[in-house]
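Overview (structure and organization)
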Amino acid sequence: RGFPARLGDRFRVANVDLPGHGKAPVPTTALGMEQHADAVADLIRSLGGKAHLIGHSNGGRIGLYMASRPPYRDLVRSLTLISPSGVRRPRGPQYHLRRWTASVLKAPFSLLPGRAREHGLDWLRHSLVWQFLGSSDYRSLNGTMRETFVRLVNTYVDQDLKQIGVPTLLFWGEDDDAVLESQVRRIEREIPDCGLVVLDDAGHYGFLDRPETVYAATGHFLDHLEGTP
């Protein structure tokens, strides 16, 4: 099914369940980008050699992060990214309104002494009003997974893209409103060896909307890198 079914005849394919996803247990403490990169790196080392990383959305963010810095980049052979996040989105009026509202809500608690301030801010973060300010992904999470989500989505790789030296294949659905064209165009422009495939009639999940294109192009890309006929 998916990439294992389409590439498994000539590549060793591993589906990665990130912490708290799939069959992986929910972490007891919130994790940041470095801990996620470490988990992927440990898996690559256990399999031996380098890996062709394939990532969608936040998985793409992790791939960009790993390929742009030591010690992770020595483990990355190539990147195949589908609507990757990690590049700052242009901020519109709605973003600035939410940011201003959050600042106003937090202001009274900042006047309280230490422990009272901490309890007050914790209460605010769990209130319905505060949750409304977050994205639907944020509202669907709780506990350590919510804090993990916050840490990951606030990790940006804009300034690191030029440091990525591996061949990179990008896919982006023309109807994607989660990752904008300007964001993927910046990735395409700043990574030295990068190509972009725009998927027509596809949204954020381009591998579901246009599976044949994504799987065929990815196979061709990897075969070319490995010299497979």
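Above this note sits the structure.
Residues numbered from 1 in each chain as written. Predicted model: local features only at pLDDT ≥ 70, side-chain atom pairs only at ≥ 80, totals over all residues. Heavy atoms only, no water.

**Here's the deal with the nonpolar core**
- Formed by 32 residues in total, the largest nonpolar core has its most connected members in Leu53, Leu64, Met66, Leu79, Leu161 and Ile164.
- Those elements giving two or more residues to this core turn out to be α2 (33-47), β1 (51-56), α3 (58-67), β2 (76-82), β3 (168-173), α9 (181-190) and β4 (194-199).
- For Leu64, the residues in contact, after removing those within four places along its chain, are Leu79, Leu81, Pro84, Ser85, Val157, Leu161, Ile164, Ile187 and Ile191.
- Counting 14 residues, the second-largest nonpolar core is a separate cluster that includes Ile82, Leu169, Tyr215 and Phe221. (Core = buried A, V, L, I, M, F, W, Y, C linked by side-chain atoms within 4.5 Å. Buried < 20%, exposed > 50% of the residue type's maximum accessible area, 1.4 Å probe, protein only. Helix = DSSP H or I, 4+ residues; strand = E, 2+ residues; numbered from the N terminus. Contact = heavy atoms within 4.5 Å.)

**Looking at the pattern of salt bridges**
- In the structure shown here, the tally under the stated rule is 14 salt bridges.
- Here the salt bridges share partners, and the residues they tie into one network are Asp158, Lys162, Arg186 and Glu190. (Salt bridge = Lys/Arg side-chain N within 4 Å of Asp/Glu carboxyl O.)

**Concerning unusual backbone geometry**
- In the segment running from Pro70 into Pro71, the intervening peptide bond is cis, with an omega of 0°.
- Tracing the backbone through its elements, the reader meets Pro71 in the loop between α3 and β2.
- Phi is positive for Ser57, close to 55°, though the residue is something other than glycine.
- Tracing the backbone shows Ser57 in the loop between β1 and α3.
- Of note in this structure, Ser83 is not a glycine but carries a positive phi near 45°.
- With respect to the helices and strands, the residue Ser83 is situated in the loop between β2 and α4 (93-106).

**Let's talk about the side chain of Asp176**
- Here Asp176 shows up in the loop between β3 and α9.
- Of the side chains bearing the opposite charge, Arg89 lies closest to the buried Asp176, which forms no salt bridge; the N-O distance is 6.7 Å.
- A polar contact is formed between the side chain of Asp176 and the backbone nitrogen of Val179, at a distance of 3.1 Å.
- Among the polar contacts made by the side chain of Asp176, one reaches the side chain of His204 at a distance of 3.0 Å. (Lys, Arg positive; Asp, Glu negative; His and termini not counted. Polar contact = N/O pair within 3.5 Å; in protein donor to acceptor, adjacent residues only side chain to side chain.)

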